[in-house]
Amino acid sequence: MRLLPTLFCAAAVTLSLLASPVAIADDQLAASMCDYVAADDKNRLRKVLSDYRLRLRNIYDGVVCNGESLLRHAFKSNAADVGEFIAKQLPGSAISDSGDIAWAESNGFAASPLLAVLKDRAGGGD
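- As recorded in an unreviewed UniProt entry, the chain goes by DUF3718 domain-containing protein and comes from Rheinheimera maricola.

A closer look at the overall build of the chain
- Counting its secondary structure elements, the chain contains 8 helices and 0 strands.
- When the helices and strands of the chain are read in sequence order from the N terminus, they spell out α-α-α-α-α-α-α-α.
- Looking at the chain residue by residue over its 126 residues, the buried ones come to 33%.
- Restricting to contacts in the chain with at least 6 residues of sequence separation, those with at least 24 account for 67%.
- Counting only carbon and sulfur atoms, one obtains 54% of the accessible surface of the chain, whose full area is about 8000 Å².

Some remarks on the state of the cysteines
- One pass over the structure, following the stated rule, counts 1 disulfide.
- For C34, the disulfide goes to C65, at an S-S distance of 1.9 Å. Residues C34 and C65 are joined through a disulfide that is left-handed, its torsion about the S-S bond being -85 degrees. Taken as a pair, C34 in helix α1 (residues 3–38) and C65 in the loop between α3 (56–59) and α4 (70–76) lie far apart in primary sequence, 31 residues in all. The pair C34 / C65 is uniform in exposure class, with both members buried.

Remarks on the packing of aromatic side chains
- A complete count under the given rule lists 3 aromatic pairs for this structure.
- Taking 5.4 Å as the distance between ring centres and 40 degrees as the angle between the ring planes, the aromatic pair formed by F75 and F109 counts as tilted. Residue F75 is found in helix α4, and its partner F109 is found in the loop between α7 (100–106) and α8 (113–123); the two are separated by 34 residues along the sequence. Summarising the burial analysis for this pair, F75 and F109 share the class buried.
- Taking 5.6 Å as the distance between ring centres and 25 degrees as the angle between the ring planes, the aromatic pair formed by W103 and F109 counts as stacked.

A closer look at unusual backbone geometry
- A positive phi angle, close to 55 degrees, is found at R53, a residue other than glycine.
- If you trace the backbone, R53 turns up in the loop between α2 (42–51) and α3.
- Located in the positive-phi region is N78, a residue other than glycine, with phi close to 55 degrees.
- As for its placement among the helices and strands, N78 is situated in the loop between α4 and α5 (80–89).

The rules behind the values
Numbering of residues starts from 1 in every chain and runs along the sequence as written. Only residues with pLDDT of at least 70 are given local features in this predicted model, and only at 80 or more are side-chain atom pairs given and counted; all residues enter the totals for whole chains, interfaces and linings. Side-chain measures were taken over the full set of non-hydrogen atoms in the model, leaving aside hydrogen atoms and water. Helix numbering and strand numbering both begin at the N terminus, where a helix is a DSSP run of H or I of at least 4 residues and a strand a DSSP run of E of at least 2. Relative accessible area decides the class of each residue, using a 1.4 Å probe on protein chains only: under 20% of the type maximum gives buried, over 50% gives exposed, and in between gives partly exposed. We call two residues in contact when some of their heavy atoms are within 4.5 Å. Accessible areas in this description were obtained via Shrake-Rupley with a 1.4 Å probe; residue shielding takes into account the shown protein chains only. Counting rule for disulfides: a pair of cysteine sulfur atoms within 2.5 Å. Between 30 and 60 degrees the pair is tilted, below 30 it is stacked and above 60 it is edge-to-face, where a pair is any two Phe, Tyr or Trp rings, Trp via its six-membered ring, whose centres lie within 6.5 Å.

Encoded structure:
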């Protein structure tokens with residue numbers, strides 16, 4: 001009778017130990033991506049995406065830097081090259097629906113070259 005609860009307990013502990021490193025790795029990956037955006041290092045961002053076989057359009061919504069999206073983080077970091085790379089990786093509909101253009105205009109980034117790229121990308125659709 002004690003064997004069944006013991007097996008369930010052991011299985012639960014094993015599964016929790018296996019799931020934990022993945023979450024830590026995801027957090028480290030997101031932190032690295034945020035650092036590369038802040039440093040305006042397009043090549044390293046591209047390399048980390050390639051190394052982990054990730055498509056930016058698939059993970060964009062899940063990566064948050066200081067409570068902001070990657071594009072907003074690029075605006076705040078004055079990272080026009082990385083911001084342009086990110087914009088080119090996303091569908092135009094995602095950019096127009098995100099509200100990043102209105103956010104940039106209302107937060108004093110109207111003169112940023114990145115805003116022109118976003119407007120062009122959003123106007124072109126997918």
